[in-house]
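One-letter residues, chain by chain:
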Amino acid sequence: MTELPLPRDLPEVEDTGLSNPAPQRPIGEMIAERLSRRGALAGAAALLLPEMAAAQAPAPRAHDVGNAPDAGPSSLGFTELRHRYSQRDTVAEGHEIQTLIRWGDPLFNDSPAFDPLKQTAATQAKQFGYNCDYIAVMPPFVPGSAQGQLQADRVVMWVNHEYTNTNLMFPGLGSGAQARARITREQTEIEVMAHGGSVVEVRRQNGRWSYVKGARLNRRITGETPMRISGPAAGNARMKTAADPNGTLVHGMFNNCAGGFTPWGTVLTCEENFNFIFGGDAAETSDQAAAYRRYGIVKAPPYAWWRHLERFNLDKHPNEPNRFGWVVEIDPYDPTSTPVKRTALGRFKHEGCNHVLAKDGRVVLYSGDDERNEFIYRFVTARPWDANDRAKNKDLLDEGTLSVAVFAADGSLRWLPLVLGEGPLTAENNFHSQGDVVIEARRAATLLGATPMDRPEDIEVNPVNGKVYVVLTNNSSRTADTVNAANPRARNLHGHILELTPTGDDHAAETGRWGIFLAAGKPGVDAGTQYHRATSTDGWLSCPDNVAFDSKGRMWIATDGAPTAAGIADGLYAADTAGMGRALTKLFYQAPAGAEVCGPVLTHDDKTLFLAIQHPGEERGGTFDTPSTRWPDFSPTMPPRPSVIAIVKKDGGIIGS
Ligand code: FEO
Ligand code: CA
Ligand code: CA
Ligand code: CA
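Description of the structure in this document.

Rules and cut-offs
Residues numbered from 1 in each chain as written. Chains lettered and ligands numbered in written order. Predicted model: local features only at pLDDT ≥ 70, side-chain atom pairs only at ≥ 80, totals over all residues. Heavy atoms only, no water. Helix = DSSP H or I, 4+ residues; strand = E, 2+ residues; numbered from the N terminus. Areas by Shrake-Rupley, 256 points an atom, 1.4 Å probe, with all protein chains shown as cover. Donors = N, O, S within 2.8 Å, 3.2 Å for Na, K, Ca; no water. Pairing = 2+ DSSP bridges. Axes fitted to C-alpha atoms, helices over the stretch in contact; angles between N-to-C directions. Contact = heavy atoms within 4.5 Å. Buried < 20%, exposed > 50% of the residue type's maximum accessible area, 1.4 Å probe, protein only. Salt bridge = Lys/Arg side-chain N within 4 Å of Asp/Glu carboxyl O. Polar contact = N/O pair within 3.5 Å; in protein donor to acceptor, adjacent residues only side chain to side chain. Core = buried A, V, L, I, M, F, W, Y, C linked by side-chain atoms within 4.5 Å. Arc of directions from axis to C-beta.

## Brief notes about the overall build of the protein chain
So, step 1. A tally of helices and strands in the protein chain yields 12 helices and 29 strands.
So, step 2. Accessible surface, the protein chain: about 22,200 Å² in total, of which carbon and sulfur atoms supply 52%.

## As for the coordination of the calcium ion (ligand 4)
So, step 1. Protein ligation of the calcium ion (ligand 4) involves Cys 257 (SG), Glu 351 (OE), Glu 351 (OE), Glu 457 (OE), Asp 545 (OD) and Asp 545 (OD), the donor distances falling in the range 2.4 to 3.1 Å.
So, step 2. For the calcium ion (ligand 4), the donor residues sit on a single chain with the sequence spacing C-x93-E-x105-E-x87-D.
So, step 3. In this structure the calcium ion (ligand 2) is found 4.1 Å away from the calcium ion (ligand 4). A residue pair is termed long-range when its members are at least 10 positions apart, and Glu 457 in strand β19 (residues 456–461) and Asp 545 in strand β23 (residues 544–549) qualify at 88 residues.

## Looking at the sheet that holds strand β13 (residues 340–342)
So, step 1. Strand order in the open sheet formed by six strands is β9-β8-β13-β12-β11-β10, and the pairing between neighbours is mixed. Edge positions in the sheet fall to β9 (249–251) and β10 (256–261), since each of these pairs with one other strand and no more. Within the sheet, the average angular offset between the axes of one strand and its neighbour, ignoring direction, is 35 degrees.
So, step 2. For strand β8 (residues 226–230) and β9, the ladder comprises three bridges, and the chain directions are antiparallel. Within β9, the position partnered with Pro 226 by the bridge is His 251.

## Brief notes about the side chain of Asn 313
So, step 1. One can find Asn 313 in the loop between α10 (305–308) and β12 (327–330).
So, step 2. Setting aside residues up to four positions removed in sequence, Asn 313 forms contacts with Gly 279, Gly 280 and Trp 306.

## A few points about the sheet that holds strand β20 (residues 468–472)
Hydrogen bonds between backbone groups are what pair the strands of a sheet, and the pairing can be parallel or antiparallel.
So, step 1. An order of β14-β15-β16-β17-β18-β22-β21-β20-β19 is seen for the nine strands of this open sheet, with the pairing classed as antiparallel. Only two strands of the sheet have a single partner each, and these edge strands are β14 (354–357) and β19. Shown here is a sheet whose adjacent strand axes are inclined to one another by a mean of 30 degrees, direction ignored.
So, step 2. Helix-sheet contacts for helix α12 (residues 441–448) involve β16 (376–384), β17 (400–407) and β18 (412–417), and the interaxial angle to β16 is about 100 degrees.

## Let's talk about helix α7 (residues 185–194)
So, step 1. Most of α7 is tucked away: seven of the 10 residues are buried.
So, step 2. Within the sequence span of α7, burial applies to Gln 187, Thr 188, Ile 190, Glu 191, Val 192, Met 193 and Ala 194.
So, step 3. Where α7 terminates, the next one or two residues include Gly 196, which has phi positive at roughly 105 degrees.

## What about unusual backbone geometry?
Working note: non-glycine residues mostly have negative phi, and peptide bonds are mostly trans.
So, step 1. Trp 631 connects to Pro 632 through a cis peptide bond whose omega is 0 degrees.
So, step 2. Within the fold, Pro 632 resides in the loop between β28 (608–614) and β29 (643–649).
So, step 3. Its identity as a non-glycine residue notwithstanding, Asn 255 has a phi of 60 degrees, on the positive side.
So, step 4. Within the fold, Asn 255 resides in the loop between β9 and β10.
So, step 5. For Phe 634, which is not glycine, the phi dihedral falls at a positive 50 degrees.
So, step 6. When you line up the elements, Phe 634 lands in the loop between β28 and β29.
So, step 7. A relative accessible area of 25% places Phe 634 in the partly exposed class.

## Regarding the pattern of salt bridges
So, step 1. All told, the structure shown has 40 salt bridges when counted by the stated rule.
So, step 2. Arg 342 is the partner of Glu 329 in a salt bridge, and the nearest nitrogen-oxygen pair spans 2.8 Å. Taken together, the positions of Glu 329 in strand β12 and Arg 342 in strand β13 put the pair 13 residues apart, joining distant regions of the chain. This pair shows no difference in class: Glu 329 is buried, exactly as Arg 342 is.
So, step 3. Note that Asp 454 and Arg 478 form a salt bridge whose closest N and O atoms lie 2.7 Å from each other. With a gap of 24 residues between them, Asp 454 in the loop between α12 and β19 and Arg 478 in the loop between β20 and β21 (496–502) connect regions that are remote in the sequence.
So, step 4. Using a relative accessible area of 0% as the deciding quantity, one classes Asp 454 as buried.

## Comments concerning the side chain of Asp 398
So, step 1. Of note, Asp 398 is situated in the loop between β16 and β17.
So, step 2. Side-chain polar atoms of Asp 398 contact the side chain of Ser 230, separated by 2.7 Å.
So, step 3. Side-chain polar atoms of Asp 398 contact the side chain of Arg 342, separated by 3.1 Å.
So, step 4. Not counting residues up to four positions away in its chain, the partners in contact with Asp 398 are Ser 230, Gly 231, Pro 232, Arg 342 and Ala 344.

## Examining the nonpolar core
So, step 1. One finds Trp 158, Phe 312, Tyr 377, Val 404 and Leu 418 to be the most contacted residues of the largest nonpolar core, which totals 69 residues.
So, step 2. Ranked by residue count, the leading element in this core is α12, at four residues.
So, step 3. Other than its neighbours up to four places away in sequence, Leu 418 contacts Tyr 377, Leu 402, Ser 403, Val 404, Leu 425, Gln 434, Val 437, Ala 441, Ala 444, Ala 445 and Leu 448.

## Considering α12
Three- or four-residue spacings in an α-helix give side chains the same orientation, since the helix completes a turn every 3.6 residues.
So, step 1. The complete set of buried residues in α12 reads Ala 441, Arg 442, Ala 444, Ala 445 and Leu 448. Seen end-on, α12 carries its buried residues on one side only, within an arc spanning 165 degrees.
So, step 2. Elements that come into contact with the buried residues of α12 comprise α9 (289–294), β16, β17, β18 and α11 (434–439).

Function cannot be read off these values alone, since they describe shape.
This is the structure:
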């Protein structure tokens, strides 16, 4: 999502959302630096390739649509778009956009058709949810089974539904904060059901992608779906509520932003900005007030749910927020399965959770905490996964080591374990169990000296070169006094992407190296940008968020927070990660007004690209009745509808070629 719900409507909230406001230079970083043999002289710039170093003195070239598709040094042959801002979306020439599934589309044979004037919680529970985000594309049958192979024309799709735009979902409420204040209890219940995720089977027939209504695996997960709590926080005193005296069962998941999947074919979906749905005086008076504050929980949040639905009221249920902010594992192949909150992976505002295998077969998961000055985490399972026995992986994610990253100025990187009893994680600091450590992972990581980052979004491993790419979207609160080598720009409005190389190419290694892959913003205008020198006046980007890799290891970068005032929409950019075109970003897709681009993922043949187009029409003053766009239906009776789209090449070829 955007930094806060509807930030353009809520400038006053933007600054109160900062829960780690005064990042000190972390002690871990200083120690790592002192221990370094190379010393602090070799800064991040020394790690740049020669052409990227040259890019610091940018010479942008003009580039018009309709030019010969001269990709220059890029391996991506498409003619890039021009930056613009429009009610409609646009894709590079030679490609086609197909709307796959929209907010409200019926998933089951008994689902009512979508009527935005007649929504109820019950209808919404049987329809595709709001604000689609992460997309996982999986085989139509359980991976590893006889039929469980990736297919180009038939997939099981998982989609997150991150949050709700009250002003765009319901008529007559007005805009932004006004709409959220006026929402009724019934409408709140609809919003609860519009959260969560969807499993939906999708197919391509005669060149067109569509979803299969009533398919066997279709499922809605909502804010009410019962979920098991497992791992070290299960049963912890701070996880117990009146409704769940054992602290092991919770209803629903909220604000699921990005995610990942496992080698055994489950989805990992990640709770992010859950703090905005809880409120009450206890935010300031409870003995948990400091912990609430660190997670951005305030007395009067932007959403009024806590006034209508008791369980979001901190005064009545002070432990309820501790049950959110987790990674949830869901088996999409069993519609009756109970989702599981895997607490061993820590509680924070998870963006995503992507896996790679360590050399010994243990599963390594990377996850960023998307908030200004928060951290980057890694979880390594205690045991390798078993490719021959799916059931044996069932609770693999309950045991392992959660660590947090420290970036040193010499380009080295160290992972520090969040383990009870190690370093400062002791009873003296009120950590009495590993459950306490994971519930307050942010505080534990600060005590360990983790490096405060510029809002970590996606972290993904490039399947071709094995390097880890860490997307840092922006950090308006970074000051000259709090810059560090891996976050080198004060008031970083445009973000950057780091490239990590684990020691010995083993993702379970305790150390690694890091460098800057690109630093976003407008070359020649914004300070400190780093791109390939041939990046065009339309190829630069702002606020990278989620990334995907195609089978050639090229990076597809979705943005969230483009400078709309300058007439630039969010979009999807593509770049080589190696060779002469490294870090040469090109604009491939431009989102409709108000929308961000989420969930980029390609089918394994690189011939279909799925995107989740989130919050179309989310602009200051926008309402259900007078939105800035009615994408994708453009019907006078339909509000804008967050939707998943499929992009294919008209000639059936490789996307971006
Ligand atoms: Fe929901 Fe980190 O964006
Ligand atoms: Ca989002
Ligand atoms: Ca974002
Ligand atoms: Ca995101």
